[in-house]
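Observations on the three-dimensional arrangement
The residues making up each chain are set out below.
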Amino acid sequence: MPSLRKNDNLRNIAIIAHVDHGKTTLVDALFHQSGLFRANQVVRERLMDTRDLERERGITIAAKNCSVVWKNVRINIIDTPGHADFGGEVERALSMADGAILLVDASEGPLPQTRFVLKKALEANLKIIVVINKIDRKDARPEVVLDEIYNLLIDLEATEEQLDVPVLYAIGRDGIAMKTPDQQGESLQLLMDTILEEIPGPSYDPTAPFQMLVSDLGYSDYMGRLAVGRIFNGAVCSGDSLVRIGKNGQTSALKVSKLQVYEGMHPKDVEEVQPGDIILLAGIEDVEIGDTICNREAPRALPRISVDEPTVTMKFITNNTPFAGKEGKYVQMTRIRERLHKETLFNVAIQVQETEDRESVMVMGRGEFQLAILIETMRREGYEFCVGRPEVIYRWENGTKLEPMEQLLVDCEERFFGIVTEKLAPRKAKMTNMINNGNGRLRIEFTLPARTLIGYRDEFLTDTRGTGIMHSLFNGYGEFQGEFPSRFTGAIVADRTGNAVPYAMFHLEPRGRLFTMPGDPVYEGMIIGEHNRGQDINVNPCREKKLSNMRAAGKDDNVILSPIKPMTLEQAINFIREDELVEVTPRSVRLRKSVLGAQNRHTLDASRLKRKAAA
C-alpha cells in the first residue's frame, strides 16, 4: 500500500444546507472576508445564484464551484442545492470534496434535506463542520438545534470520530462567526481558520500517474466542451496527451488545449495544476459526468459517481393545438429531444426514455419540482411543447408492486392541525412524529406515497393561509398503498376557437373558478376553468350578447368580473388529471384536454365505460 501525501496548499469543501438556511449568503460573506473584492467595490447579493430562476426563486438549482484564498491556502468551495429534488447535484458535488460545512437554521433546525445531504457526506467519510446560522432571529433556539443535530448524527449511525464535530454560530448575512451564541463576533475569520485546521488537505499517491474524475460539464464558445472535476493523483500540464475512460470502459484519446482553476467565481488560465485541485480541462468533446481522464501510458478508471434512481416521470409531447408554432421558436420534437438529451449530460439525475410514439418522450427525475424547473428553463429558451401529469415510477419485487414513499415534514400553526391531518388522511399519510415547541406552532412528520403528494402543495398553502411550511424527501420504496382520488372537481372546457368574451365569462363564473381572462384566445378542448362539480362541461366562452331593437331597464349594465389570478407552471402541472395536458410556450401556460374534440372525447369515454363494464 503506497503512502499517501496531503496537499496542504488546498482545501476542498462543500456547503450543504436545507432551502433558505442562508447558504448562498454565507458564500457571499466568505468572498468579502477573503479580500476578493475592493473595499469600495459594488457587488450584488447572492453571487453564486447565477441563473435567473435561482435569483427569482431564492434557491440553488445547480451545484457550482468557486474559491477563496486564506493565509496562502486556496479553499475550493462547492455550493450545493438545498432542495431534495436536486439531490443528483449534491451527489456529484460531494465527490470533489474532503469536508463539508453543515449549515443549519437556528430556529428551524435540521430539516429533511439536511438529513439527506448529511447522510451522503457521512457515507463519503467527509469531515463535518457544523455552523448554526441566523442566531439573531427572535425565535432562535441554538442549544435545542445543536441537540437535534447530534441526535441526527446518531440516527445516521455516525462513528465516534464523526460525532466529534466542531460547532460554530453565525450570522451569515452580517458575515459574523463565533464559538458561542453569546459572543460578540466581528468577522468570519474564525470560520476560515476552522476550515484550515479541521478539513484535511486532499490526499494523493505521489507515485501514481494522473487521474481526474469528471464531476461536472461546462461549455465555452472559445474552447468548446469543458470537463470539470477533481485531480485524485498526479499532475497535468497544458498540451499533455491523455485518455478518457467512459461508462463501459471504452477509451478515447485527447490533448489538453487549456487548463483552468477557479479564482473567486471565475476560471483562471494556468499552465500546470497540482494533485487534489478542482480544475476545468478543455480539449475533449465527447465526455460524460463520471468519466475518468487519466494518463495514456497507465490508464486506470476511478469509481464512477453513483446517483439514486429517478422516482417521477413526465411525458413531453409535440404541441398539436390550433395555436401550435405561434409563440415558440422550437416546436419540432427533434429539437425538443436534442435539448432534453443535452440536459442529461449536465444533470445526472435526469433520464430520457424513448416511446413508441415519435412525437413524445418520457423524462424521468427526482420530483415534479425538478421537472417543472426544467420545463420553465426550456420555455424561456424558446421551446414550445405539451407535458402530461407527473407519474411515479413503480417497481416490482417478488410479484409485489412497490411505489416511492416520501417523508413529509409540516410546520404549521396549532389551529391548522385539524385541516392538515384531515386533508392528508385520504392521501394515505401516516403520522410518525409530532413536536410542539410551545410557541404556537407544531412540527409534524408523516410518511406517505409520493404520488399522493403531487398537487397538495398549493392546497396546503391555502389551508394554512400561507403560513405553513412543508418539506418532503424521498424515503425509499414501499408496498403499493391503493388508489386515491386525485381531484374532486371537473374542468370547464371551451367547445370552439375564438376569443373569450366578457359577457360569456360573466355567465360562466357561477359554474366554478375561471383561468382565462376576457379577450384571451381559446380553442376547442382548452380548459378555461375548474368546474364546481366532479364532471367536465363543454361551454362557449365566445358567446356575445344578442342585439335587438328592444330596450329594458338594466340591460346595458357593465359586466364586472371577479379578478382572475394567472396560473403558474407548477400550479398547472399539479392541477391536471391523466386525460389532460399543459401547453407550455415562451409566452403562455395553458391547460388542455389530451383529446381536443368534444365528440372524440365523448366517444372515448363511452368506449372506456363499455370496457370497464365488460371487465
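Read on for a plain summary of the structure.

Parameters at a glance
- Residues numbered from 1 in each chain as written.
- Predicted model: local features only at pLDDT ≥ 70, side-chain atom pairs only at ≥ 80, totals over all residues.
- Heavy atoms only, no water.
- Buried < 20%, exposed > 50% of the residue type's maximum accessible area, 1.4 Å probe, protein only.
- Helix = DSSP H or I, 4+ residues; strand = E, 2+ residues; numbered from the N terminus.
- Arc of directions from axis to C-beta.
- Contact = heavy atoms within 4.5 Å.
- Phe/Tyr/Trp six-rings, centres within 6.5 Å; stacked < 30°, edge-to-face > 60°.
- Lys NZ or Arg CZ within 6 Å of the ring centre and 35° of its normal.
- Core = buried A, V, L, I, M, F, W, Y, C linked by side-chain atoms within 4.5 Å.
- Expected span 1.5 Å × (residues − 1).
- Salt bridge = Lys/Arg side-chain N within 4 Å of Asp/Glu carboxyl O.
- Axes fitted to C-alpha atoms, helices over the stretch in contact; angles between N-to-C directions.
- Parallel < 35°, antiparallel > 145°, perpendicular 65-115°, else oblique.
- Left-handed = near helix turned anticlockwise from the far one by under 90°.
- Nonpolar A, V, L, I, M, F, W, Y, C, P; charged D, E, K, R; others polar.
- Polar contact = N/O pair within 3.5 Å; in protein donor to acceptor, adjacent residues only side chain to side chain.
- Pairing = 2+ DSSP bridges.

1. Remarks on helix α12 (residues 456-463)
Taken residue by residue, α12 has Tyr456, Phe460 and Asp463 as its buried positions. Considered in projection along α12, the buried side chains sweep an arc of 65 degrees and stay on one side of the axis. Considering only its buried residues, α12 is in contact with β26 (400-413), α10 (417-424), α11 (450-453) and β29 (469-479). Positive phi shows up at arginine 465, right after α12, with a value of about 55 degrees.

2. Describing the packing of aromatic side chains
Taken as a whole and assessed by the stated rule, the structure comprises seven aromatic pairs. When the ring of tyrosine 330 is compared with that of tyrosine 383, the centres are 4.8 Å apart and the planes differ by 40 degrees; the resulting orientation is tilted. Of the two residues, tyrosine 330 is situated in the loop between β20 (312-317) and α8 (333-346) and tyrosine 383 in the loop between α9 (368-380) and β23 (385-387); the sequence distance between them amounts to 53 residues. Tyrosine 383 matches tyrosine 330 in its accessibility class, with the two residues each being buried. In this structure, arginine 230 packs its charged tip against the face of phenylalanine 232, placed 4.9 Å from the ring centre. The ring of tyrosine 477 is capped by arginine 395, whose NZ or CZ atom sits 4.1 Å from the centre of that ring.

3. What to know about the nonpolar core
Membership of the largest hydrophobic core comes to 42 residues, with the highest contact counts inside it found for Leu102, Leu118, Ile128, Val130, Ile132 and Ile149. Setting aside chain neighbours within four positions, we find valine 130 in contact with Leu102, Ile149, Val165, Pro166, Val167 and Leu168. By size, the runner-up hydrophobic cluster in this structure holds 32 residues, among which are Val387, Ala572, Ile576 and Leu591.

4. Description of helix α5 (residues 142-155)
In this model α5 runs 20 Å from its N-terminal to its C-terminal C-alpha over 14 residues, within 8% of the 20 Å that 1.5 Å per residue would give. What α5 keeps buried is the set Pro142, Val145, Leu146, Ile149, Leu152 and Leu153. Down the axis, α5 shows its buried residues gathered within 120 degrees of arc, on one side only. Set apart from the buried face of α5 by more than 90 degrees, the exposed residues are Glu143 and Ile154. Glutamate 157 lies just past α5 and shows a positive phi near 60 degrees.

5. Observations regarding the pattern of salt bridges
Applying the stated criterion across every chain yields a total of 32 salt bridges. Between aspartate 193 and lysine 71 there is a salt bridge; the shortest N-O distance is 2.9 Å. Taken as a pair, aspartate 193 in helix α7 (residues 189-198) and lysine 71 in the loop between β3 (64-70) and β4 (73-79) lie far apart in primary sequence, 122 residues in all. As a salt-bridge pair, aspartate 105 and arginine 137 come within 3.1 Å of each other at their nearest N and O atoms. Here aspartate 105 is found in strand β5 (residues 99-105), whereas its partner arginine 137 is found in the loop between β6 (127-133) and α5, with 32 residues between them in sequence. Overlapping salt bridges, with partners in common, bring together Asp536, Arg577, Asp579, Glu580 and Lys593 in one network.

6. Here's the deal with the packing of α10 against α12
Taken N-terminus to C-terminus, the directions of α10 and α12 make an angle of 155 degrees; their axes are 10 Å apart at the nearest point. Put simply, α10 runs roughly antiparallel to α12. The crossing of α10 and α12 is right-handed. Contacts between α10 and α12 involve Ile419, Val420, Lys423 and Leu424 from the former and Tyr456, Glu459, Phe460 and Asp463 from the latter. Classifying every residue of the contact of α10 with α12 gives five nonpolar, no polar and three charged.

7. Describing the environment of lysine 6
Mapped onto the secondary structure, lysine 6 falls in strand β1 (residues 5-6). Each C-alpha atom, one on lysine 6 and one on proline 206, is 9.6 Å from the other, the two residues being 200 residues apart in sequence. In contact with lysine 6, not counting residues within four places along its chain, are Pro200, Gly201, Pro202, Ser203 and Tyr204.

8. A look at the packing of α8 against α9
Their axes nearest at 12 Å, the elements α8 and α9 cross at an angle of 130 degrees. In terms of axis orientation, α8 runs oblique to α9. At the point where α8 passes α9, the crossing takes the right-handed sense. Packed against α8, whose contacting residues are Ile336, Arg339, Leu340 and Glu343, the element α9 presents Leu374, Thr377 and Met378 at the interface. Class assignment for the residues of the contact of α8 with α9 results in four nonpolar, one polar and two charged.

9. Remarks on unusual backbone geometry
Backbone geometry places glutamate 157, a non-glycine residue, at a positive phi of 60 degrees. Looking at where glutamate 157 falls in the secondary structure, it is placed in the loop between α5 and α6 (160-163). Taking the relative accessible area as the measure of exposure, glutamate 157 reaches 70% and is therefore exposed.

10. Here we look at the environment of lysine 593
With respect to the element layout, lysine 593 can be found in strand β37 (residues 589-593). Accessibility expressed as a relative area gives 1% for lysine 593, which makes it buried. Taking the C-alpha atoms as reference points, lysine 593 and arginine 577, separated by 16 residues in sequence, lie 9.2 Å from one another. Of note is the side chain of lysine 593, whose polar atom sits 2.6 Å from the side chain of aspartate 536.

11. A look at the pairing of β5
Of all the seven residues making up β5, seven are buried; the element is thus mostly covered by neighbouring parts of the structure. Alternating residues of β5 divide into Gly99, Ile101, Leu103 and Asp105 and Ala100, Leu102 and Val104, and every residue in both groups is buried. Note: strand β2 (residues 10-17) against β5, five bridges, orientation parallel. The residue bridging alanine 17 from the neighbouring strand is leucine 103, located in β5. For β5 and β6, the ladder comprises seven bridges, and the chain directions are parallel. Bridging across to β6, glycine 99 finds its partner in lysine 127.

12. Some remarks on the environment of glycine 597
Mapping glycine 597 onto the fold places it in the loop between β37 and α15 (598-614). Judged by relative accessible area, glycine 597 falls into the buried class, the value being 17%. Residues glycine 597 and glycine 525, 72 residues apart in the sequence, show an inter-C-alpha distance of 6.0 Å.

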